[in-house]
Amino acid sequence: MTRQSIAVMVSGRGTNLAAILEAANKGHCPVDVRVVISNKVDAPALQIARDAGVDTILFIDPKKYPNRSSYDQACVEVIQKHACHWVVLAGYMRILSSLFVSHFEHRLINIHPALLPSFAGADGVGDALSYGVKFSGCTVHLVSEQVDEGAILAQAVVPVMNDDTVESLHQRIHQKEYELYPETLRCLVEKGFRLDGRRVIWNS
Ligand code: GAR
């Protein structure tokens, strides 16, 4: 099976990026991380990309662009130039313009630290904990124009413990994310899917 090229967009720690790089390196996930783009100059994810020898690692500074669309257009150009098939958001905490989303329709995916459609938004872990759910988890989904509303590709469940804090719950969710994200990428490359309304039907 040939590998497909991906661009990963990050804003923070980059532990999901690290999990994808490791799975690709071990041959568990047939992707080639060609490009890493960060909107934050000090994102630790940038160092993870450097350590892994990713070819193109860029901090693209939002302050240098007059609006969201022009920033996103610069990102589109980089991703196109490097012929990346998939665009993978891994802790990318910036809202995307419709220009970007429509450009990569059905090739743009995100991971969210809750079981969507519950607890969308910037604090999925904290919102689930304060609501009092007994199970939470993570969701890999296609990105659509509405935040965290795209069709669901895969989910994994984790229990919520009595003594959980946001940090301990997020840590448990992260462990699941490190399995789910590379595994979903593998399915995208090896199987493909079709959409039946909002339902993702994986090819067998
Ligand atoms: C992950 O838990 C991811 O699900 C979450 O940010 C974290 C990034 O961690 N994403 C969102 O909340 C998106 N709404 P990482 O930088 O260590 O991969």
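Anything mentioned here points back to the structure above.
Computed from a predicted structure; not experimentally measured.

Reading guide: rules and limits
- Residues numbered from 1 in each chain as written.
- Predicted model: local features only at pLDDT ≥ 70, side-chain atom pairs only at ≥ 80, totals over all residues.
- Heavy atoms only, no water.
- Pairing = 2+ DSSP bridges.
- Helix = DSSP H or I, 4+ residues; strand = E, 2+ residues; numbered from the N terminus.
- Axes fitted to C-alpha atoms, helices over the stretch in contact; angles between N-to-C directions.
- Contact = heavy atoms within 4.5 Å.
- Expected span 1.5 Å × (residues − 1).
- Bend = angle between axes of the 7 residues up to and from the residue.
- Buried < 20%, exposed > 50% of the residue type's maximum accessible area, 1.4 Å probe, protein only.
- Core = buried A, V, L, I, M, F, W, Y, C linked by side-chain atoms within 4.5 Å.
- Near = heavy atom within 4 Å.
- Polar contact = N/O pair within 3.5 Å; in protein donor to acceptor, adjacent residues only side chain to side chain.
- Areas by Shrake-Rupley, 256 points an atom, 1.4 Å probe, with all protein chains shown as cover.
- 1 Å grid on protein atoms, 1.4 Å probe; cavity = no way out; pocket = protein on both sides within 12 Å on 5 of 7 lines; lining within 4 Å.
- Sits in = over half its atoms within 2 Å of the grid points.
- Nonpolar A, V, L, I, M, F, W, Y, C, P; charged D, E, K, R; others polar.

A. Fine view of the sheet that holds strand β7 (residues 152-159). Across the sheet, 7 strands lie side by side as β3-β2-β1-β4-β5-β6-β7; this open sheet has mixed pairing. Two strands bound the open sheet, and with one partner strand each, they are β3 (56-59) and β7. Here the average twist between neighbouring strands, direction ignored, is 20 degrees. Bridge count between strand β5 (residues 108-112) and strand β6 (residues 135-142): 4 bridges; the pairing is antiparallel. Each residue of the ladder has a partner; that of histidine 112, found in β6, is threonine 139. Contacts from helix α6 (residues 166-190) reach β1 (4-10), β2 (31-38), β4 (86-89), β5, β6 and β7, with the element oriented near 155 degrees to β7.

B. Geometry of α6. Here α6 contains 25 residues, and its C-alpha end-to-end distance of 35 Å stays within 8% of the 36 Å for a straight helix at 1.5 Å per residue. When the local axis directions of α6 are compared, the greatest deviation, roughly 30 degrees, occurs at glutamate 177. Regarding α6, the residues found buried are Leu169, Ile173, His174, Glu177, Leu180, Tyr181, Pro182, Thr184, Leu185, Cys187, Leu188 and Val189. Taken from the residues just after α6, glycine 192 is the one with a positive phi, measuring 80 degrees.

C. A look at the side chain of asparagine 39. Relative to the assigned elements, asparagine 39 resides in the loop between β2 and α2 (44-52). Excluding anything up to four places from it in sequence, asparagine 39 contacts Val10, Ser11, Phe59, Ile60, Pro62, Tyr71, Tyr92 and Arg94.

D. The nonpolar core, seen in detail. If you look at the biggest cluster of nonpolar residues, it comprises 39 residues, and the most contacted ones within it are Ile6, Val8, Leu17, Val33, Val88, Ile109 and Leu185. No other element matches α6, which puts 7 residues into this core. Aside from chain neighbours lying at most four places away, what touches valine 33 is Ile6, Val8, Leu17, Ile20, Leu21 and Val54. With 20 residues, the next largest nonpolar core counts Ala7, Ile37, Val76 and Leu89 among its residues.

E. Structural view of the site of the ligand. Near the ligand, the surroundings consist of 13 residues, among which Gly14, Thr15, Asn16, His170 and Glu177 are the closest. Backbone polar atom of asparagine 16 to an oxygen atom of the ligand: 2.9 Å apart, as the coordinates give it. Look at the ligand: alone it shows 450 Å² of surface, and the protein chains cover 90% of it. The cavity that encloses the ligand is the largest pocket. Secondary-structure elements contributing two or more residues to the shell around the ligand are α1 (15-25), β5 and α6. Of the residues forming the shell around the ligand, the biggest block, 3 residues, is contributed by α6. Residues of the shell around the ligand, tallied by class, amount to 3 nonpolar, 8 polar and 2 charged.

F. Layout of helix α3 (residues 68-81). Along its 14 residues, α3 runs 20 Å from first to last C-alpha, staying within 8% of the 20 Å computed at 1.5 Å per residue. Where α3 is concerned, the buried positions are Tyr71, Asp72, Ala74, Cys75, Val76, Val78 and Ile79. At its buried positions, α3 is contacted by β1, β2, β3, β4 and α4 (98-103). Once α3 finishes, alanine 83 follows within two positions and takes phi at roughly 50 degrees, a positive value.

G. Spotlight on the pairing of strand β8 (residues 193-196). One ladder, built from 4 bridges, connects β8 with strand β9 (residues 199-202); its direction is antiparallel. Directly across from phenylalanine 193, in β9, lies its bridge partner tryptophan 202. Linking β8 back to β9 in an antiparallel pair, the connection comprises 2 residues, with glycine 197 at a positive phi of about 65 degrees.

By themselves, these observations are geometric and do not establish any function.
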